[in-house]
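Below are the chains, spelled out letter by letter.
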Amino acid sequence: MLVSANYEDLIDAKMAIEHLGETKPSIYHKFLNIIELTRKLNFGYQYMGALLMDEDPSEFKPVGKDDYVLSVYQKEIEKLKKDEKFSELKLLLKEYEQVSYANISKLALGNPPRELAGPTVIH
């Protein structure tokens, strides 16, 4: 899938992520932990986003990954979704879905919006 991130949308998303970190630090840090886990397991951010947003993750499911590792990862996602402040994170993800879960994750990790602007292949 090809997405093209608009620079202004990336700036807005970055500000929303920072605001979440300032106003709801517990859910923000849990989200960062899931992003880090996703990165370390070499799973796609689109897979993570689909699981968080109750979308069909089959298109982005990691290929050739151990079922046990996938089940542990999915349990961590479910723990995040059970947080009482998860609705705040879900609103942010929904509002900026056109930016892509990958770009939202990279912004949360500190990547500058200018580096993420333009077309990107999402897998």
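Every chain's residues receive numbers from 1 upward, in the order its sequence appears when written. Per-residue local features of the predicted model are confined to residues with pLDDT of at least 70, and side-chain atom pairs are confined, for both listing and counting, to 80 or more; whole-chain, interface and lining totals are unaffected and use all residues. The basis for every side-chain value is the complete set of heavy atoms in the structure, and neither hydrogens nor water enter the calculation.

**A short note on unusual backbone geometry**
- A positive phi angle is found at D54, which is not glycine, with a value near 55°.
- We count a stretch as a helix when DSSP gives it H or I for four or more residues in a row; a strand needs E for two or more, and each element gets its number in order from the N terminus. Here D54 shows up in the loop between helix 3 (45-52) and helix 4 (67-81).
- Relative accessible area serves as the criterion here: at 54%, D54 is assigned to the exposed category.
- We note that S100 has phi near 95°; this positive angle belongs to a residue other than glycine.
- Following the sequence through the fold, S100 ends up in the loop between helix 5 (86-95) and helix 6 (101-108). Exposure categories follow from relative accessible area, calculated using a 1.4 Å probe and restricted to protein chains: below 20% of the type maximum is buried, above 50% is exposed, and the middle band is partly exposed.

**Focus on helix 4**
- In this model, helix 4 (15 residues) spans 21 Å end to end at C-alpha, consistent with the 21 Å of a helix rising 1.5 Å per residue.
- Every buried residue belonging to helix 4 is among L70, Y73, I77, L80 and K81, and all of these are buried. Buried residues along helix 4 cover an arc of 100° about the axis, so they all sit on one side. Opposite the packed face of helix 4, turned more than 90 degrees from it, sit the exposed residues Y68, K75 and K79.
- Contacts between residues were defined by any pair of non-hydrogen atoms, one from each residue, lying within 4.5 Å. Residues of helix 4 that are buried in the fold lie against helix 2 (25-40), helix 3 and helix 5.
- Counted as a polar contact is a pair of N or O atoms within 3.5 Å, where, for protein atoms, one must be capable of donating a hydrogen and the other of accepting one, and residues adjacent in sequence contribute only when both atoms are in side chains. Where helix 4 begins, the capping side chain belongs to D66, and its oxygen is found 2.6 Å from the backbone nitrogen of Y68. Helix span is expected to be 1.5 Å times the residue number reduced by one. What the arc measures is the spread of directions leading from the helix axis to the C-beta atoms.

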